Amino acid sequence: KQRKLNRSLLPNVARRMGPGYEAAAAVERGPGAFSRMKHVLCQHADDASRDMFHQTVSEALDSVPSIIHHVSTNIKRLAKIIHTHMDRVFSVWWVSQATIPPPFPEPIVKNTRRD
């Protein structure tokens, strides 16, 4: 999901810059054409950059809860698998330990006050 989000950024910027590229391609040919193309692209980038940034950030932030939910679900599923495997491996030991008395008796404390 994160990879998909990262890969969606460049196409969004390219889509927003499309009209600027088209305008640059339509400038009058001849001497100074490169400067005119550069000027058109820079002007379009300046005009579109704020919107591109806010739109891209908004789309990224909108997808964060979905990513968090996906990761959380995977962690819970993995924890369940680990618990199941540990239960299979150690359940015999836990059951056998429940029937064995503690190794030492409870300490007996005598009231030995000296007056």
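Keep in mind that this is a model prediction, so the values were computed, not measured.

Participant: An account of the overall build of the chain is requested, with residue identities and associated values reported.
Facilitator: Of the regular secondary structure elements, the chain holds 2 helices and 0 strands. Across the 115 residues of the chain, 11% fall into the buried class. The contacts in the chain between residues at least 6 apart in sequence include a share of 56% that link residues at least 24 apart. A total of about 10,300 Å² of accessible surface is found on the chain, and carbon and sulfur atoms cover 63% of it.

Participant: So what's going on with the side chain of His-44? Residues and values would help.
Facilitator: Looking at where His-44 falls in the secondary structure, it is placed in helix α2 (residues 33-99). Note on His-44: relative accessible area 18%, which makes it buried. If near-sequence neighbours (up to four positions away) are discounted, His-44 is found in contact with Arg-16, Met-17, Pro-19 and Gly-20.

Participant: Tell me about a nonpolar patch on the surface, and please be specific about residues and values.
Facilitator: A grouping of Leu-78, Ile-81, Ile-82, Met-86, Val-89 and Phe-90 is seen on the molecular surface, where their side chains present a nonpolar patch of about 530 Å² in accessible area. Within the secondary structure, Ile-82 sits in helix α2. On the basis of relative accessibility, which here comes to 42%, the residue Ile-82 falls in the partly exposed class.

Participant: I'd like to hear about the environment of Cys-42, residue by residue, with values.
Facilitator: On the secondary structure map, Cys-42 appears in helix α2. Overall, Cys-42 belongs to the partly exposed group, its relative accessible area being 42%. In this structure the C-alpha to C-alpha distance between Cys-42 and Ala-24, which are 18 residues apart in sequence, comes to 9.8 Å.

Cut-off values and rules
- Residues numbered from 1 in each chain as written.
- Predicted model: local features only at pLDDT ≥ 70, side-chain atom pairs only at ≥ 80, totals over all residues.
- Heavy atoms only, no water.
- Helix = DSSP H or I, 4+ residues; strand = E, 2+ residues; numbered from the N terminus.
- Buried < 20%, exposed > 50% of the residue type's maximum accessible area, 1.4 Å probe, protein only.
- Contact = heavy atoms within 4.5 Å.
- Areas by Shrake-Rupley, 256 points an atom, 1.4 Å probe, with all protein chains shown as cover.
- Patch = residues over 30% accessible without salt bridge, like charges linked within 9 Å, V, L, I, M, F, W, Y side chains within 5 Å.
- Salt bridge = Lys/Arg side-chain N within 4 Å of Asp/Glu carboxyl O.

None of the figures reported here should be taken as evidence of function without further support.
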